[in-house]
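Chains, contacts and geometry: an overview
This is what each chain is made of:
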Amino acid sequence: MTANEETLGFQTEVKQLLHLMVHSLYSNREIFLRELISNANDACDKLRFLALDAPDLMESDSEMAVRISIDPETKELVIADNGIGMTREDVIQNLGTIAKSGTAEFIKNLSGDSKQDANLIGQFGVGFYSAFIVADRVVVRTRRAGNESSDAIEWSSDGDGQYTIKGIDKADRGTEIRLTLKEDAGEFGEAYRIRHLVTKYSDHVSIPVYLKNEVEKDDDSEAKSEWDQVNQATALWTRPRTEITDEEYNEFYKHVAHDFEDPMTWSHHKVEGKSEYTGLLYVPARAPFDLWNRESPRGLKLYVQRVFIMDRAEEFLPLYLRFIRGVVDSSDLSLNVSREILQKDARVEAMKSAVTRRALDMLAKLAKDDTEKYQNFWETFGECLKEGPAEDHQNKERITKLLRFASTQTNTEKQEVGVEDYISRMVEGQKEIYYLVSESHTNALGSPYLEAFKKRGIEVLLLSDRIDEWLMGHLQEYQEHKFVDVTRDGLELPGEGKDEKKEQKKESKAHKELLKRMKEALSNEVEDVKPSVRLTDSAAVLVLTEHDMGPQMRQIMEAAGQAMPVSKPILEINTDHGLLMRLESETDAGRFNELARLVFDHAQLGAEGKLDDAPGYLKRVNALLTELSV
Ligand code: ADP
């Protein structure tokens, strides 16, 4: 060991990931080349960007490239770039640890089933470490642009838990990665194979990728070699749409998003006029492991006039579209734009609204063209989209059209019904879109609130995700169709008119005494007691006045530590129900109160799926059962 040599252990997560990766990505191991070329390309992008302010960093070599060569003797595969390079600290940080938050949990959740894990690991992004799928030894030699040649670093590892670094001398800036191929990975030491893979995976990489060709020795000259450019090296998004194949779009996505799977769909557009930009947006096929982590990086890769500016610029998409990946390339922004500027620039705001529109159009098109795929999309990212109506008023109608719900019309918990389907099935005279929010789909299905709707054949949307009540708080209407909560007081069903009103009045009169007594007995629990016209089987329901907060929302707010004003619901009773008839004829005041409370308990259970006074309820039911069995 030389004086400056140091052996260090990988972070635990790296060790675990390396192990899993080598095992689960075996059948897909050629992707290592795409990962390494992507990193090399990123390193060149970064240098080009920094050199805008510090041209000296380019030294005397301003033509960025990736150079791949195969050592004819050892068959080692070498991938070199003249990008930004790394310092000693960079090397330790980047090639010894994983900085993504949530990594440990992610690894814990892998199943051990190599096929399944392969997909998940792909989603996580393996990057540099994928070299160990094909190599049993990896040596990285790197010098940060602008540093002395004697400040270069060599990193080497067998991928078995530790790595060694030492100082070296390296004349050219950038990074060179040397792979000693595993015995069964000899194919990657063949030029034709590498050439094929570069064309397959990295054709669109915007800098040239060269492959070294060995040329036969002439009689008296040295062995000559020449560099062959293998890829097209034009940034994909700058090419006309018609000339780009689906295959190329797919590969470019994998490069941008560091994903292993093809995307679900994409949108590529050039916008000219007031603000000029090109956008290439993708919807991934699978949710990233950190979709629900608010601090996770998100956003698009930003270029200005084809010069890479930053990864994951958040400013071009709203939060509810955080799952979208891709590129924006602006012609208007200045090259030295910073995050601070992005946040304030009016042109960025305008671009954001245009990009958002494109993203929503892309989803609408997917919904229209391919229901099955859209269903997949919805199951993967629907909950994000549900944040949309609250976040983005301007596009509320567009987002609403993209939402999918469970409904009384479909025999499934799956959210498959859109507002357009719903509207097309409205019954004669129906104007409003009815919905029910409840704790769970099962609770919703058995809900007494649905009785009147079933009787009339009216469809009701059933919502039971945590976010739903909040979502519905922001959805007032869609194309003049109001969203109406079926648990609210004052419902007027289609076809229901004067007759029902008259009926309700008549009922009120006929059962005046009962209503009065119940209201007295339940004065702490309810605001009022009214006869119901919507119940057929159940004894009673609780309804809320228009402005009250629903039970789900109340629970969320209370869980967040917010004290909520108590608003009492209205109890609607079914006077034809046996229990109510029994109550009506009850003369004993104590018994009446107990039974009235039981009616309320049942109504509460139906509405909220739980009781305020469970022990009291049990006592009351027990008393009743005992009485019955005597
Ligand atoms: P990711 O690219 O997803 O960040 P990687 O494991 O592929 O993850 O790489 C980790 C980091 O190592 C990169 O973010 C980059 O900073 C650095 N790196 C990798 N390859 C190179 C390279 N060829 N030149 C300079 N830096 C590199």
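Anything mentioned here points back to the structure above.
All values reported here derive from a predicted model rather than from experimental measurement.

Another aspect to go through is helix 11 (residues 371-385). With 15 residues, helix 11 extends only 17 Å from end C-alpha to end C-alpha; this falls clearly short of the ideal 21 Å at 1.5 Å per step. At glutamate 379, helix 11 shows its maximal bend, which comes to roughly 55 degrees. What helix 11 keeps buried is the set Tyr374, Gln375, Phe377, Trp378, Phe381, Gly382, Cys384 and Leu385. Where helix 11 is buried, its residues contact strand 11 (277-283), helix 10 (346-369), helix 12 (388-391) and helix 13 (396-402).

In this section: the site of the ligand. All residues adjacent to the ligand are Asn39, Ala40, Ala43, Lys46, Asp81, Met86, Asn94, Val126, Gly127, Phe128 and Thr175. Between the ligand and the protein, one listed contact pairs an oxygen atom with a backbone N or O atom of phenylalanine 128 at 2.8 Å. Broken down by element, the shell around the ligand gets its largest block of residues, four residues, from helix 2 (residues 31-51). Among the residues forming the shell around the ligand, the class breakdown is five nonpolar, four polar and two charged.

Strand order in the open sheet formed by five strands is 10-11-14-12-13, and the pairing between neighbours is mixed. The open sheet has two free edges, formed respectively by strand 10 (265-271) and strand 13 (307-313), since each of these has just one partner strand. Strand-to-strand twist of the sheet, defined as the mean angle between neighbouring strand axes without regard to direction, takes the value 15 degrees. Together, strand 12 (300-304) and strand 13 form the strand contacts of helix 2, whose direction differs from that of strand 13 by roughly 110 degrees.

Pairing is mixed in the open sheet, where three strands are placed in the order 20-22-21. Of all the strands in the sheet, the pair left with one neighbour each is strand 20 (528-531) and strand 21 (540-543). Neighbour-to-neighbour, the strand axes of the sheet open up by a mean angle of 25 degrees, direction not taken into account. The pairing of strand 20 with strand 22 (residues 570-573) spans four bridges and is parallel. Looking across to strand 22, one finds that valine 529 is bridged to leucine 571. The strands touched by helix 22 (residues 589-608) are strand 21 and strand 22; relative to strand 21, the strand with the most contacts, the crossing angle is about 60 degrees.

Attention now moves to a negative patch on the surface. The grouping of Glu397, Glu420, Asp421, Glu477 and Glu480 at the surface amounts to a negative patch. As for its placement among the helices and strands, glutamate 477 is situated in strand 18 (residues 477-478). Here glutamate 477 falls in the partly exposed class, since its relative accessible area comes to 42%.

Between helix 22 and helix 23 (residues 614-629), the least distance of the axes is 10 Å, while the angle of their chain directions is 120 degrees. Judged by the inter-axis angle, helix 22 sits oblique to helix 23. Seen along the crossing, helix 22 lies across helix 23 with a hand that is left-handed. Only Tyr617, Arg620, Val621, Leu624 and Glu627 of helix 23 make contact with helix 22, whose side of the interface consists of Arg591, Glu594, Leu595, Arg597, Leu598, Asp601 and His602. Partitioning the contact of helix 22 with helix 23 into residue classes produces five nonpolar, one polar and six charged.

Rules and cut-offs
- Residues numbered from 1 in each chain as written.
- Predicted model: local features only at pLDDT ≥ 70, side-chain atom pairs only at ≥ 80, totals over all residues.
- Heavy atoms only, no water.
- Helix = DSSP H or I, 4+ residues; strand = E, 2+ residues; numbered from the N terminus.
- Expected span 1.5 Å × (residues − 1).
- Bend = angle between axes of the 7 residues up to and from the residue.
- Buried < 20%, exposed > 50% of the residue type's maximum accessible area, 1.4 Å probe, protein only.
- Contact = heavy atoms within 4.5 Å.
- Near = heavy atom within 4 Å.
- Polar contact = N/O pair within 3.5 Å; in protein donor to acceptor, adjacent residues only side chain to side chain.
- Nonpolar A, V, L, I, M, F, W, Y, C, P; charged D, E, K, R; others polar.
- Pairing = 2+ DSSP bridges.
- Axes fitted to C-alpha atoms, helices over the stretch in contact; angles between N-to-C directions.
- Patch = residues over 30% accessible without salt bridge, like charges linked within 9 Å, V, L, I, M, F, W, Y side chains within 5 Å.
- Areas by Shrake-Rupley, 256 points an atom, 1.4 Å probe, with all protein chains shown as cover.
- Salt bridge = Lys/Arg side-chain N within 4 Å of Asp/Glu carboxyl O.
- Lys, Arg positive; Asp, Glu negative; His and termini not counted.
- Charge placed at Lys NZ, Arg CZ, Asp CG, Glu CD.
- Parallel < 35°, antiparallel > 145°, perpendicular 65-115°, else oblique.
- Left-handed = near helix turned anticlockwise from the far one by under 90°.

So, to be careful, I would describe these as geometric facts and stop short of saying anything about function.
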